[in-house]
Amino acid sequence: MSSPVTKTAGGVGALPTPPAAPRKSVTGTRLWVAVLFLLPALVLLGALVVYPIGYSVWRSLFDADGSGFVGLDNYAEIFSDDSTLVAVRNTAIWVAVAPALVTALGLIFAVLTERVRWGTAFKLIVFMPMAISMLAAGIIFRLVYEQDPDQGVANAVVTSVHDVFVDDSVYPKARPNAQVSDLRASGGGSFTTEATVRAGTPALLPLVGIPPNSLPGDAQDAKAATGDGVTGTVWLDFRLGGGGEKGAVDPGEKALKGVEVEAVKDGKVVATATSGSDGTFSLPESADGARLRLPGSNFAAPYNGIDWLGPALVTPAVIGSYVWMWAGFAMVLIAAGLAGVDRNLLEAARVDGANEWQVFRKVTVPLLAPVLVVVLVTLVINVMKVFDLVYIIAPQPTQDEANVLALQLYLVSYGGGGDFGLGSAIGVVLLLLVLPVMWVNIRRLRKERQR
């Protein structure tokens, strides 16, 4: 008895198709096993990422307390509210400046540390700020940028350099006593006598407004000027314990040494003199009949440095603190990429006659381009969510000028605003701004895998 022949599409006598084997992954693992192992991660991803994003998008369509549907009104408010627009502007400044500056400094540090013996120690010092939290860094730089040079390191340095080239006034805020002196304000902080000075009649130029205990330690008692020439006395018309006659040089009243006195005729300075240790001064005969002027440089307030945290400089100041923190991060990544560069290419360029700048610009930088892109993209994402430094460093009067989107999100939601609808809308906008950068990063990773 002959066995039956199975007819198939392949023709008479073809063997039957075997049943399909269970589907496996490329590693040989069954699909359901892989899904089982990935399930905890997927649950966490959904709970910590997908759900918050979806809820934020949904919440952004409602009003402050979530009771009324407002559609896209919260998004419209983002681009119509002045404080939010300032935050958008400052965020754009951060994205344009901070990542590029940090990457450039990291590249410079990475290249230079290869040429010094103590490069490892330098890398450690530059990278050390990464171990400090944003909160601690903010407190540090709030002190660094303090306006008072006795407390702020930045202004201590600035004022020290300034004082090397410009002399400070000895008697800031000093002024004449209008009741007994004919010195009157004449513009620019200077004071000029109403009467003219005559030879043989000493001029009296009493000043007040200076605490006697703040005078230089070697201040002597004032003396009335004598002589037949054009003379006079500049002194502090006040003494501890009171007493004496106003407008007259009394015993115990202190001389004001080093005060510049100008003789002015027809608006022109014809002679100058400086008061001595006893407060007296003497002018040449050409000063006879002139008015005496005490220039404003005698009374200018001391230079207190730069207002780092003022409206004009608060954003650059905060960016400076960010650069201090993250330059080490960029340096370490770029140095790791630099270690993998083929040194033969660099030597070949030098043999061909290229100088060090040409080798750096045309060989080193192009070879490091993938690493530089990684650092730049990472920093762009990071600065879009910067919050701590701005909130801590910027003082309350100028915090609005330094505002960024992440800080604005906090302020409108939890910083007294209580508008969770607008806060959610700002969060969604931040997500939309980050997505293009993430897309560029993902494309770069895929290209690297294909190589």
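The model shown is predicted, which means the values in this text are computed figures rather than measured ones.

Quick question: what am I supposed to make of the overall build of the protein chain here?
Counting its regular elements, the protein chain contains 13 helices and 11 strands. Relative to the globule expectation of 22 Å for 451 residues, the C-alpha radius of gyration of the protein chain, 38 Å, shows a markedly less compact shape. Its C-alpha atoms give the protein chain principal-axis dimensions of roughly 155 × 75 × 40 Å. For the protein chain, the proportion of its 451 residues judged to be buried stands at 36%. Considering only contacts in the protein chain between residues 6 or more positions apart, those separated by 24 or more positions represent 67%. In the form shown here, the protein chain has an accessible surface area of approximately 25900 Å², with 63% of it arising from carbon and sulfur atoms.

Any chance you could explain the sheet that holds strand β11 (residues 291-294) here in plain terms?
Backbone hydrogen bonds hold the strands of a sheet together, and the pairing may be parallel or antiparallel. In space, the five strands of this open sheet follow the order β4-β5-β11-β8-β9, with antiparallel pairing throughout. Each edge of the open sheet is held by one strand with a lone partner, namely β4 (183-185) and β9 (268-274). Neighbour to neighbour, the strand axes of the sheet diverge by 30° on average, direction disregarded. Where β4 meets strand β5 (residues 191-193), three bridges bridge the pair, whose relative direction is antiparallel. Directly across from Arg184, in β5, lies its bridge partner Thr192.

Help me understand the layout of surface pockets, please; the structure alone is not making it clear to me.
To locate leftover empty space, one rolls a probe as large as a water molecule over the atoms. Of the pockets and cavities examined, the largest pocket occupies roughly 500 Å³. In terms of lining residues, the largest pocket is bounded by 22 residues, among which Leu409, Gly427, Val428, Leu430 and Leu431 are the most central. Contributing elements (two or more residues each) for the lining of the largest pocket: α1 (31-59), α10 (369-384), α12 (405-413) and α13 (420-450). Among the elements that take part in the lining of the largest pocket, α13 stands out by supplying nine residues, more than any other. Class assignment of the residues belonging to the lining of the largest pocket gives a composition of 16 nonpolar, five polar and one charged.

In this structure, what is going on with the side chain of Thr103? I would like to understand it.
Position of Thr103 relative to the elements: it lies in helix α3 (residues 82-113). Of note is the side chain of Thr103, whose polar atom sits 2.7 Å from the backbone oxygen of Pro99. The contact partners of Thr103, leaving out residues within four places of it in the chain, are Ala330, Ile334, Leu372, Val375, Leu376 and Leu379.

Please clarify how helix α5 (residues 134-144) should be interpreted in this entry.
Each turn of an α-helix holds 3.6 residues, which means side chains three or four residues apart point in the same direction. What α5 keeps buried is the set Met134, Ala137, Gly138 and Phe141. Projected onto a plane normal to the axis of α5, the buried residues spread over an arc of 100° and lie on a single side. Across α5 from its buried face, at more than 90 degrees, point the exposed residues Leu135 and Leu143. Those residues of α5 that are buried lie in contact with α7 (314-339) and α11 (388-393).

What is the right way to look at the pairing of β9 in this model?
Looking along a regular strand, one sees the side chains alternate between the two faces of the sheet. Judged from the six bridges that link them, strand β8 (residues 260-265) and β9 form a sheet pairing that is antiparallel. Bridge pairing in β9 places Val264 opposite Val269. Two successive antiparallel strands, β8 and β9, enclose a turn made up of two residues, where Asp266 displays a positive phi of approximately 55°.

Just to check I follow, could you spell out the pattern of salt bridges for this structure?
Any two side chains of opposite charge can pair, on the condition that their charged atoms come close. Applying the stated rule across the entire model yields seven salt bridges. For Arg184, the salt bridge is made with Glu194, and the minimal N-O distance between the two is 3.7 Å. Of this pair, Arg184 sits in strand β4 while Glu194 sits in the loop between β5 and β6 (203-208), and the two are 10 residues apart along the sequence. One salt bridge connects Arg350 with Glu356, and the closest N-O pair in it is separated by 2.8 Å. With a relative accessible area of 26%, Arg350 lands in the partly exposed category. For Glu356, a relative accessible area of 39% puts it in the partly exposed group.

Would you explain the environment of Ala110 in this entry?
With respect to the secondary-structure elements, Ala110 resides in helix α3. Residue contacts for Ala110: discarding those within four places in its chain leaves Met331, Ile334, Ala335 and Leu338.

I tried to follow the pairing of β8 on my own but got confused; where do I start?
Pairing of β8 with β11, which is carried by three bridges, proceeds in the antiparallel orientation. In the sheet register, Glu262 faces β11, and the bridge partner there is Arg293.

Explain α13 to me, please; I cannot follow it from the model alone.
Taking 1.5 Å per residue as the helical rise, α13 with its 31 residues ought to reach 45 Å, and the 44 Å between its terminal C-alpha atoms agrees with that figure. Maximal helix bending in α13 amounts to about 25°, located at Leu435; proline Pro436 follows within four positions. With a side-chain oxygen lying 3.3 Å from the backbone nitrogen of Gly421, the N-terminal cap of α13 falls on Asp419.

So, how was this worked out
Residues numbered from 1 in each chain as written. Predicted model: local features only at pLDDT ≥ 70, side-chain atom pairs only at ≥ 80, totals over all residues. Heavy atoms only, no water. Helix = DSSP H or I, 4+ residues; strand = E, 2+ residues; numbered from the N terminus. Rg over C-alpha atoms; globule rule 2.2 N^0.38 Å. Buried < 20%, exposed > 50% of the residue type's maximum accessible area, 1.4 Å probe, protein only. Contact = heavy atoms within 4.5 Å. Areas by Shrake-Rupley, 256 points an atom, 1.4 Å probe, with all protein chains shown as cover. Pairing = 2+ DSSP bridges. Axes fitted to C-alpha atoms, helices over the stretch in contact; angles between N-to-C directions. 1 Å grid on protein atoms, 1.4 Å probe; cavity = no way out; pocket = protein on both sides within 12 Å on 5 of 7 lines; lining within 4 Å. Points joined across faces, edges and corners; volume = space filled by probe spheres on them. Nonpolar A, V, L, I, M, F, W, Y, C, P; charged D, E, K, R; others polar. Polar contact = N/O pair within 3.5 Å; in protein donor to acceptor, adjacent residues only side chain to side chain. Arc of directions from axis to C-beta. Salt bridge = Lys/Arg side-chain N within 4 Å of Asp/Glu carboxyl O. Expected span 1.5 Å × (residues − 1). Bend = angle between axes of the 7 residues up to and from the residue.

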